[in-house]
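Chain by chain, the residues run as shown.
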Amino acid sequence: MKFYKVSSRKNGRKVDIVIKASTAEQAFDIAKNKYKIKPVSAKEADPPFYLKFYNDMTKDKQIRYDDLIAAFKQMSFMLNAGISIHATLEDLIKYTENERLVAVFDKVFTDVNSGRTLTEAFMDHKLVIGGLPISMISLGEKTGNLSESLNMLVASLEELRNNRAKFKKAMRYPIIVVSAMAIAFVALCLLVIPQFKSIFAELGADLPLPTKILIGIEELMSNYGVVVALAIAATIIFIKNRYKRSESFKYKWDEYILKVKLIGRIVFLSNINQYTTVLSLLLKAGISLEEGLESSSMLLANDYMKERFLSVNRAIKRGVTLTEALNETKYFDPMSLQMVNTGEQSGELDKMLGSVAEYYKIKYDYILDNLSAYIEPIMTFFIACLVLLLALGIFLPMWGLGAAAKGGG
């Protein structure tokens, strides 16, 4: 999609508006029908500065699952109905609501017309649509059944969306409670502690450690609160940027996150479920084991686990069985390895891998469904620490002053 500066005359004055359209003729039509003006000319122009800024900020941000699901579902239906890929892409460009996804389909349409395969055309947009759509499109082109592959893609994306929704729902209550407590704690430090601080300073009392901590927090917030907030924001932005731009940083971060209690378990189960599910689908579609192993590994978001699973393919090339290769990763428990071994011996590896994927999906769903129960003890401990610090910090000096007054009396 391009931008056009459409010029017109209104009350004897020249009026220019910037319109997004595919062609100058389309820009004319939009100006007449939407803006109710009589265009005189339309010249290609740069996008508005605010849009350029927004695009720079969001160019690497993945498109929402809902938009991807709607678009690929429409694509599957149209291809299944016998409509050509060119006509399908043209319709997606016209009727897709997400502007960034429209830009993707517009570029893909141009690339396909220039002779590139659909997989190659979508590969340029891996950062914004993810690796799963590209892998499933590649599968469809290899098997000659793109519509069926897109159906499987939609089902996988819906599952990913539902899992993300479960995670957000489970985290919503703890985040609200902890945020409310943190705000209350900050408000007490800024409004209440200064009153007590002046009293303690006048009496010259020797303050206990909890009170000194509260006073230190209050002074930090009062004098450097904005600096601390900016520093935290800058650190978060820096880490996110390094995670996206630096492969070595991302690898180390992905390795570390797997060691974090609970969060690491969720990441592990999510990746291993995706790996076994995709591998099962690829083998079922007739893709060779080596190619299926490599494609399944490359889809993983966690680079540390991706490297471990790529070693499975290297082990297979050395001549070991899949069961032995998976066992070397130390990721699979005896039950899942037994199912893989049964699949290798019976010649139904794709079905048994599907059972393994379902086995890990059950584990993943269970931990998501019970996430609140896991977090509540941590949240309760955090709140208890804040309340204890406030109580001891305020009341310990008062008790000390009361005892001193009694002793003096």
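Residues numbered from 1 in each chain as written. Predicted model: local features only at pLDDT ≥ 70, side-chain atom pairs only at ≥ 80, totals over all residues. Heavy atoms only, no water.

1. Description of the nonpolar core
Quick reminder of the rule: As used here, the term nonpolar core means buried Ala, Val, Leu, Ile, Met, Phe, Trp, Tyr and Cys residues forming a set that is joined through side-chain atoms within 4.5 Å. Categorising residues by exposure relies on relative accessible area from a 1.4 Å probe, with only protein chains included: less than 20% of the type maximum marks a residue as buried, more than 50% marks it as exposed, and the intermediate range marks it as partly exposed. In this description a helix means any DSSP run of H or I spanning at least four residues, a strand means any run of E spanning at least two, and both kinds are numbered starting from the N terminus.
Counting residues in each nonpolar core, the largest one holds 39 residues, and the members touching the most others are Phe 72, Met 75, Leu 89, Leu 118, Phe 122 and Ile 129. Elements represented by at least two residues in this core include exactly helix H3 (65–80), helix H4 (85–95), helix H5 (99–113), helix H6 (118–123), helix H7 (126–129), helix H8 (131–143), helix H9 (146–191) and helix H13 (263–284). In terms of nonpolar packing, the next biggest core, distinct from the first, is built from 36 residues, Ile 272, Tyr 304, Ile 316 and Leu 371 among them.

2. Some remarks on the packing of helix H12 (residues 247–257) against helix H15 (residues 303–318)
For the record, the criterion: Here an axis means a line fitted to C-alpha atoms, over the contact stretch when the element is a helix, while the angle between two N-to-C directions is reported on a 0 to 180 degree scale. For classification purposes, angles smaller than 35 degrees are called roughly parallel, those larger than 145 roughly antiparallel, those between 65 and 115 roughly perpendicular, and all remaining angles oblique. The contact criterion used throughout is that any non-hydrogen atoms of two residues lie within 4.5 Å. For this classification, the nonpolar set comprises Ala, Val, Leu, Ile, Met, Phe, Trp, Tyr, Cys and Pro, the charged set comprises Asp, Glu, Lys and Arg, and every other residue, Gly included, is treated as polar.
Where H12 meets H15, the closest approach of the two axes is 7 Å, and the angle between their N-to-C directions is 90 degrees. Considering the angle they form, H12 stands roughly perpendicular to H15. Contact residues: H12 offers Lys 250, Tyr 251, Asp 254 and Glu 255, while H15 offers Asp 303, Tyr 304 and Glu 307. For the contact of H12 with H15, a count of residues per class yields two nonpolar, no polar and five charged.

3. Some details on the packing of helix H11 (residues 209–245) against H12
At a minimum axis separation of 6 Å, H11 and H12 run at an interaxial angle of 110 degrees. Accordingly, the angle class assigned to the pair H11 and H12 is roughly perpendicular. From H11, Ile 239, Arg 242, Tyr 243 and Arg 245 reach across to H12, where they touch Glu 247, Phe 249, Lys 250, Trp 253 and Asp 254. Residues of the contact of H11 with H12, tallied by class, amount to four nonpolar, no polar and five charged.

4. Examining unusual backbone geometry
The backbone of Leu 262 sits at a positive phi, close to 70 degrees, despite the residue not being glycine. With respect to the secondary-structure elements, Leu 262 resides in the loop between H12 and H13. A positive phi angle, close to 65 degrees, is found at Lys 330, a residue other than glycine. Within the secondary structure, Lys 330 sits in the loop between helix H16 (322–328) and helix H17 (334–346).

5. Considering H8
So the rule is basically this: A helix is expected to span 1.5 Å multiplied by its residue count minus one.
Along its 13 residues, H8 runs 18 Å from first to last C-alpha, staying within 8% of the 18 Å computed at 1.5 Å per residue. Extensive coverage of H8 is indicated by the burial of ten of its 13 residues. Among the residues of H8, those classed as buried are Gly 131, Leu 132, Pro 133, Ile 134, Ser 135, Met 136, Ile 137, Ser 138, Leu 139 and Gly 140. Lining the buried residues of H8 we find H3, H6, H7, H9, H13 and helix H14 (289–298). Looking one or two residues beyond H8, the residue adopting positive phi is Gly 144, at roughly 80 degrees.

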